[in-house]
Amino acid sequence: MYGGYFNVFVNAFGDDDEGEKWDLFRVVEGEFPEMEDLHKYSGFVISGSPYDAYGNEFWILKLCFLLQTLDAMEKKVLGICFGHQVLCRALGGKIGKAYSGWDIGLRKVRLARDLTSSFSFLSNCMDDIPPCLSIIECHQDEVWEVPDGAEVIAFSEKTSVEMFGIGEHILGIQGHPEYTKDIVLNLIARLLNTNLIESGFAEDAKWRLEVAEPDRKSWVKICKSFLKGRY
């Protein structure tokens, strides 16, 4: 319906007029970039996934090694949802099931304003971004403890680590800045049909999506500023 998850990300964060080229690696199927090619890329985006980032499947362990390598190279890495969690795990943080259960729908996230000046990609785009931003969430796992050297950039009443960063090259976001309302409504229906969530919970999530809008433009601005080093 949306051209696949890959196209959702490219449409949100890509710039056709700048001649960008994005490559897709389905790591869950064993597709990884060659180590000798890593230097050719400006940055990497690790997407969401129905898998647990704390699992020990071979592809997850291999992904952790790749992320450790990219960190050592100081390559830009943006992790979204699962990507946020596995990035944290790979770099020495702690992750697991969310203590308060599923978070699906719209969630207000508060930025730690005193930290925004510590990250140039944030200070470059914060003039017109409010201190609280709504973001679409769809997760039942979370970051428990960030890696050494990481800073918690945003938090919510439900999740203590909504966004973290390391230097200018690592950024993890628990929510889904790339999602539209239609995408998450389809996901809610799928989760309900497979009995992963209860009907009352699904109705509450849909209601929250009906009465407010995600600050998608602001989140996309933050992500693009991070990936491109400017905005």
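Small disclaimer: the values here were computed from a predicted structure and weren't measured.

Caption draft 1: Just the pattern of salt bridges, in detail. In this structure the tally under the stated criterion is 12 salt bridges. Between E20 and K228 there is a salt bridge, with its nearest N and O atoms 2.3 Å apart. Of the two residues, E20 sits in the loop between α1 (4–13) and β1 (43–46) while K228 sits in helix α8 (residues 216–228), which places them 208 residues apart along the sequence. The class for E20 is partly exposed, based on a relative accessible area of 29%. When salt bridges that share partners are traced, they join D15, E20, K224 and K228 into one network.

Caption draft 2: Region of interest: unusual backbone geometry. Positive phi, normally seen in glycine, also occurs at E74, with a value near 55 degrees. Since its relative accessible area comes to 59%, E74 is described here as exposed. Non-glycine residue N195 carries a positive phi angle of around 60 degrees. Relative to the helices and strands, N195 is located in the loop between α6 (181–193) and α7 (199–211). The exposed category is assigned to N195, whose relative accessible area is 68%.

Caption draft 3: Broad picture of the pairing of strand β8 (residues 163–166). Residues M163 and G165 of β8 are buried on one face, and the alternating residues F164 and I166, pointing to the opposite face, are buried as well. By the bridge criterion, three bridges tie strand β7 (residues 151–155) to β8 in an arrangement that is antiparallel. For A154, the partnering residue across the bridge sits in β8 and is M163. Pairing geometry for β8 and strand β9 (residues 170–173), over four bridges, is antiparallel. Across the sheet, the residue bridging to G165 is L171, located in β9. In this structure, the hairpin formed by β8 and β9 is closed by a connection of three residues, where G167 is found at a positive phi of approximately 55 degrees.

Caption draft 4: Looking closely at the nonpolar core. In terms of nonpolar packing, the biggest core is built from 29 residues, with L63, L67, V86 and F164 touching the most fellow members. Among the elements that make up this core, the one with the highest residue count is helix α2 (residues 58–73) (seven residues). Those residues within four positions of L63 in sequence are excluded, and the remaining contacts are V27, F32, I46, F82 and V86. Listed in part, the 27 residues of the second largest apolar core include F13, C81, I129 and I222.

Caption draft 5: Here's a closer look at the sheet that holds strand β5 (residues 132–139). Taken together, the seven strands give an open sheet; going across it, the order is β1-β2-β9-β8-β7-β4-β5, and neighbouring strands pair in mixed fashion. Only two strands of the sheet have a single partner each, and these edge strands are β1 and β5. Across this sheet, the average inter-strand angle for adjacent strands is 25 degrees, counted without regard to direction. Pairing of strand β2 (residues 76–80) with β9, which is carried by four bridges, proceeds in the parallel orientation. Looking at the pairing, I80 lines up with I173 of β9. Sheet strands touched by helix α3 (residues 82–90): β1, β2, β5, β8 and β9. Its angle to β2, the strand with the most contacts, is close to 125 degrees.

Caption draft 6: Examining the environment of D128 more closely. If you trace the backbone, D128 turns up in the loop between α5 (120–123) and β5. Judged by its relative accessible area of 54%, D128 is exposed. Separated by 80 residues in sequence, D128 and G48 have C-alpha atoms that sit 28 Å apart.

Caption draft 7: Main features of the packing of aromatic side chains. This structure, assessed with the given rule, holds 10 aromatic pairs. Where Y99 meets W144, the ring centres are 5.1 Å apart and the plane angle is 10 degrees; that geometry is what we call stacked. Within this pair, whereas Y99 is found in the loop between β3 (94–97) and β4 (103–111), its partner W144 is found in strand β6 (residues 141–145), the two being separated by 45 residues in sequence. Here W144 falls in the partly exposed class, since its relative accessible area comes to 39%. Judged by centre distance (5.1 Å) and plane angle (75 degrees), the rings of F121 and F226 are edge-to-face.

Rules used throughout
Numbering of residues starts from 1 in every chain and runs along the sequence as written. Reporting of local features is limited, given that this is a predicted model, to residues whose pLDDT is at least 70; pairs of side-chain atoms are given and counted only at 80 or more, and all residues count toward the totals for whole chains, interfaces and linings. Hydrogens are left out, water is left out, and the side-chain values use all remaining heavy atoms of the structure. Salt bridges are counted wherever a side-chain nitrogen of Lys or Arg sits within 4 Å of a carboxyl oxygen of Asp or Glu. Only runs of H or I of at least four residues qualify as helices and only runs of E of at least two qualify as strands under DSSP, and these elements are numbered from the N terminus. Buried residues are those whose accessible area, probed at 1.4 Å on protein chains only, stays under 20% of the maximum for their type, while exposed residues exceed 50% and partly exposed ones sit between those limits. A pair of strands counts as paired when DSSP detects no fewer than two bridges linking them. Take the buried Ala, Val, Leu, Ile, Met, Phe, Trp, Tyr and Cys residues and link them wherever side-chain atoms come within 4.5 Å; each set so joined is a nonpolar core. A contact between two residues is defined here by any heavy atoms of the two lying within 4.5 Å. Axis definition: a line fitted to C-alpha atoms, over the contacting stretch in the case of helices. Angles run 0 to 180 degrees between N-to-C directions. Classification of ring pairs rests on two measures: the distance between centres of Phe, Tyr or Trp rings, Trp counted by its six-membered ring, which must be within 6.5 Å, and the angle between planes, read as stacked under 30 degrees, edge-to-face over 60 and tilted in between.

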